[in-house]
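Take a look at the letters that make up each chain.
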Amino acid sequence: MKFGIFYEISVPRPWDDGVEKRVYDNCLEQVRLADELGFDQVWAVEHHFLEEYSHCPAPELFLTACAMVTERIRVGHGIVVCVPQFTHPVKVAERTAVLDILSGGRLEVGTGRSATWTELAGFGADPDETKQTWDEYVRVLPKMWMQERFSYQGRCFSMPERAIIPKPVQKPHPPMWVAVTSPGTELDAADRGLGSLGLTFGGFSEQERRIAEYRRRIQLCEPVGAMVNEQVNTVNFLFCNEDRGYGGATGQRLAGTFTYMAAQLLAAREAYPTRSYPSVGLLPQLRQEAEGPGDPSGLPEGLCIGDPARIIDVIRRWESVGVDRINFLLNAAETVPQNEVLDSLRLFGAEVMPKFAESSRTGAA
Amino acid sequence: MPINGTLDPGAPADGAPRMEGLATDPLRLERAQILHVLYEIDSDGAEGLIPPALHPTVPPTASFVAWRLAQSDWGPFTMAQVRVGCRAGVRPRGFLLAAVVDNPVAAAALTARWGYRCEPATPVLRRYHDRVAVTVERDGVTILEAALVGPEPVSGTDVQYTANMNPAHTSDGLRLVQVDPEYEFHRADRGRPSLPVFDAGAWGDERVRPVFPVSASSTVADVTMPRIRYIARLDLPALQGTTKIG
């Protein structure tokens, strides 16, 4: 089991002078500490126009800053929006290669397609087309990274032969992932030999079923890249405190704030009738989990909140259903004071991470 | 945290219908022809269109909805409504500005049982070969013309309609009445939205300014009008001010 941290970078109103700087500074301070504690990954979303919920439109810049202030932690795009109106695929290949160079080969590349009308309409993207463009991107990116010169005649873009430079440090190329929110997308990941970057929880039994099918399907995959990334990554909330009651209450406040803000977004499916978005994405699952059935302590059973002993139990259950990595949301709209976020990380590092160190050492790269 | 509406919570009192009771039985409306046109509206001051109970969507939206019933317990009728998109807590909703109904019996029932503010006007919903359009006239003046252009079939599961929050006078005072019909779709089309005419003032708030087309759907569905399950105060966030009925 490996652990990471995951950033939406939510900024609460009022947006007075300096608030966004303070939030970004807090995030970087958390990343530095996570690196010292031995966390394996930091991920950052790409979102646009999502007021309060996410002020993270340029993750490549944030992740570059993360790489510059850390030594070991890997930096992950969670995700790059693979829609031409957002970013041309050549730009994605170029900037990820630069980030891989600057980070010393620590890049992970998550791919996805956006799930809100707010973003898709803001860039003039057609919701019906995003699945196809994502598919095209994930097939060409490895070639752009690996081939000395690249040309392409495709559906969403075409280009004459050019040298796409620079090339990533990691050979043959950085690990690739797919954001999984809608049911079935994990199978799209498996069929292409890509890692499953789960952005929703679901219950333990539901995840176990989906992970088993992912593992079965990926054995039959036709990899879009030069290697298969058979890994299941999921997201969770983290607030760890010696006092289970305080930790649980604060963690629930964190989860509640995040899900409340997420529910305000105008999902593509809500605004635009399309089969391209069979679910409203991240939101209901997150809400269901945050408000879901409690364990004997009354806390939602799948959330990593409370005291170290409870969190260890929760992570063991996730491990038992086949999850390889867990990424934690540490805050939402700064509802948890920064010193408490840092203390939570330290306690997790001291009391919880050692329990999983062996499985991490023996796990896949 | 998300912005709350800033509309004076007493403002909808004028023109809000009176409901003598909230205990109403469900009613099935068979094979309703439905047109739903969605536009983004000017965000400047959009929070002023809804009461503090609700959050505006990001971006703010308005929906233009028409139902045509060839038959019902009240006889044939056509209804058109204009709603502002919002959230009640975490739930997607539409805040009703006003509705018009061409059948007085249906209007009286929709007002008394589900809190629709029904204005006098004449809505006409027509399906053409290349579009589905609603036109609403009042005193010889067109106050709404909305259409779906270029219908193409989709699945009913691709369509999502949000519940209403209808301001109405109840025995508890002025409240938002949640009306969440159930839909069983027989047919669904989508197409380009069009809004040649919209007289916002005639629909209760001249500050509603459509600025960007989003979507249009046309469906045929059995609609079950629900029993009233929730009402909410207008002056408190919905999470605090909602009361369960029954």
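Rules and cut-offs
Residues numbered from 1 in each chain as written. Chains lettered and ligands numbered in written order. Predicted model: local features only at pLDDT ≥ 70, side-chain atom pairs only at ≥ 80, totals over all residues. Heavy atoms only, no water. Helix = DSSP H or I, 4+ residues; strand = E, 2+ residues; numbered from the N terminus. Core = buried A, V, L, I, M, F, W, Y, C linked by side-chain atoms within 4.5 Å. Buried < 20%, exposed > 50% of the residue type's maximum accessible area, 1.4 Å probe, protein only. Contact = heavy atoms within 4.5 Å. Pairing = 2+ DSSP bridges. Axes fitted to C-alpha atoms, helices over the stretch in contact; angles between N-to-C directions. Parallel < 35°, antiparallel > 145°, perpendicular 65-115°, else oblique. Left-handed = near helix turned anticlockwise from the far one by under 90°. Expected span 1.5 Å × (residues − 1). Bend = angle between axes of the 7 residues up to and from the residue. Nonpolar A, V, L, I, M, F, W, Y, C, P; charged D, E, K, R; others polar. Polar contact = N/O pair within 3.5 Å; in protein donor to acceptor, adjacent residues only side chain to side chain. Buried area = accessible area lost by both parts, 1.4 Å probe. Salt bridge = Lys/Arg side-chain N within 4 Å of Asp/Glu carboxyl O. Phe/Tyr/Trp six-rings, centres within 6.5 Å; stacked < 30°, edge-to-face > 60°. Lys NZ or Arg CZ within 6 Å of the ring centre and 35° of its normal.

(A) Focus on unusual backbone geometry. Residue Pro166(A) follows Ile165(A) across a cis peptide bond; omega there is 0°. Here Pro166(A) is to be found in the loop between strand 6 (158–162) and strand 7 (176–180). In this chain, Val58(B) is followed by Pro59(B) through a cis amide linkage whose omega measures 0°. Tracing the sequence through the fold places Pro59(B) in the loop between strand 2 (55–56) and strand 3 (61–69). Within the chain, Asp139(B) stands out as a residue other than glycine whose phi angle is a positive 50°.

(B) Region of interest: the nonpolar core. Phe3(A), Phe39(A), Phe62(A), Met144(A), Ile315(A), Phe328(A) and Phe348(A) are the most contacted members of the largest nonpolar core, which has 109 residues in total. If we ignore the near neighbours within four places in the chain, the residues touching Phe62(A) are Tyr7(A), Ile9(A), Tyr24(A), Cys27(A), Leu28(A), Val31(A) and Ala44(A). Counting 44 residues, the second largest nonpolar core, distinct from the first, contains Leu7(B), Val84(B), Val100(B) and Ala200(B).

(C) Broad picture of the pairing of strand 11 (residues 173–179) of chain B. All names here are of chain B. When you tally the buried positions in strand 11, you get six out of seven residues, the bulk of the element. Counting the residues between successive antiparallel strands, the hairpin from strand 10 (residues 163–170) to strand 11 contains two residues. Both strand 11 and strand 14 (residues 230–232) contribute to a ladder of two bridges, which runs antiparallel. Bridging from a neighbouring strand, Val177 pairs with Ile231 of strand 14.

(D) Main features of the environment of Asp130(B). Residue and element names in this part refer to chain B. Within the fold, Asp130 resides in the loop between strand 7 (122–127) and strand 8 (131–138). The partly exposed category is assigned to Asp130, whose relative accessible area is 42%. Remark: the alpha-carbon pair of Asp130 and Asp222, spanning 92 residues in sequence, is separated by 24 Å. Not counting the four nearest positions on each side in its chain, Asp130 is found in contact with Leu148, Val149, Gly150 and Pro151.

(E) The packing of helix 1 (residues 19–37) of chain A against helix 2 (residues 59–68) of chain A, seen in detail. Residue and element names in this part refer to chain A. As a packed pair, helix 1 and helix 2 sit with axes 10 Å apart at the nearest point and diverge in direction by 45°. Comparing their axes, helix 2 and helix 1 come out oblique. Helix-helix and strand crossings are classified by hand; for helix 1 and helix 2 the assignment is right-handed. Of the residues in helix 2, those in contact with Tyr24, Cys27, Leu28 and Val31 of helix 1 are Phe62, Ala65 and Cys66.

(F) View of helix 5 (residues 130–146) of chain A. With 17 residues, helix 5 of chain A ought to run about 24 Å at 1.5 Å a step, and its terminal C-alpha atoms sit 25 Å apart, in line with that. Its maximal kink placed at Val140(A), helix 5 of chain A deviates by approximately 25°, while the proline Pro142(A) follows within four residues.

(G) The packing of helix 3 (residues 89–102) of chain A against helix 5 of chain A, seen in detail. Residues and elements named next belong to chain A. Between helix 3 and helix 5, the shortest axis-to-axis distance is 10 Å and the interhelical angle comes to 50°. Relative to helix 5, helix 3 is oriented oblique. Handedness of the helix 3/helix 5 crossing: right-handed. Between helix 3 and helix 5, the contacting residues are Pro89, Val90, Val92, Ala93, Thr96 and Ala97 on the first element and Tyr137, Val140, Leu141, Met144 and Trp145 on the second. Classifying every residue of the contact of helix 3 with helix 5 by side-chain character gives ten nonpolar, one polar and no charged.

(H) Focus on the environment of Glu206(A). The residue Glu206(A) is located in helix 7 (residues 204–218) in this model. For Glu206(A), the side chain forms a polar contact with the side chain of Arg209(A), separated by 3.2 Å.

(I) Geometry of the side chain of Asn166(B). All names here are of chain B. Along the chain, the position of Asn166 falls in strand 10. Residue Asn166 is classed as buried on the basis of its relative accessible area, which comes to 0%. Among the polar contacts made by the side chain of Asn166, one reaches the side chain of Asn164 at a distance of 3.0 Å. Setting aside residues up to four positions removed in sequence, Asn166 forms contacts with Leu96, Trp114, Gly115, Tyr116, Arg175, Leu176, Val177 and Val179.

(J) Focus on the interface of chain A and chain B. Counting residues at the interface gives 24 residues for chain A, matched by 29 residues for chain B. Summed over both sides, the interface of chain A with chain B buries roughly 2,500 Å², with 52% coming from carbon and sulfur. Together, Tyr260(A), Gln264(A) and Pro273(A) form the three largest contributors to the area buried by chain A at its contact with chain B, with a combined 29%. Counting across the interface, chain A meets chain B through three salt bridges. Note that Arg87(B) is salt-bridged to Glu270(A), the shortest N-O span being 2.7 Å. Applying the counting rule to chain A against chain B returns twelve residue pairs in polar contact (both at pLDDT 80 or more).

(K) View of the environment of Thr6(B). Residues and elements named next belong to chain B. Positionally, Thr6 belongs in the segment before strand 1 (27–41). Linking Thr6 and Ile50, residues 44 residues apart in sequence, is a C-alpha distance of 6.4 Å. Not counting the four nearest positions on each side in its chain, Thr6 is found in contact with Glu47, Gly48 and Ile50.

(L) Representation of the packing of aromatic side chains. Residues and elements named next belong to chain A. Considering all chains together, one arrives at 24 aromatic pairs over all chains under this definition. With a centroid separation of 6.1 Å and 10° between ring planes, the pair formed by Trp117 and Tyr272 is classed as stacked. Taken together, the residues Trp117 in helix 4 (residues 117–122) and Tyr272 in the loop between helix 9 (268–271) and helix 10 (282–290) connect sequence positions 155 residues apart. Summarising the burial analysis for this pair, Trp117 and Tyr272 share the class buried. Within the aromatic cluster, the residues linked to one another by ring pairs are Phe3, Phe39, Phe328, Phe348 and Phe356. The ring of Tyr277 carries the charged tip of Arg113 above its face, separated from the ring centre by 4.2 Å.

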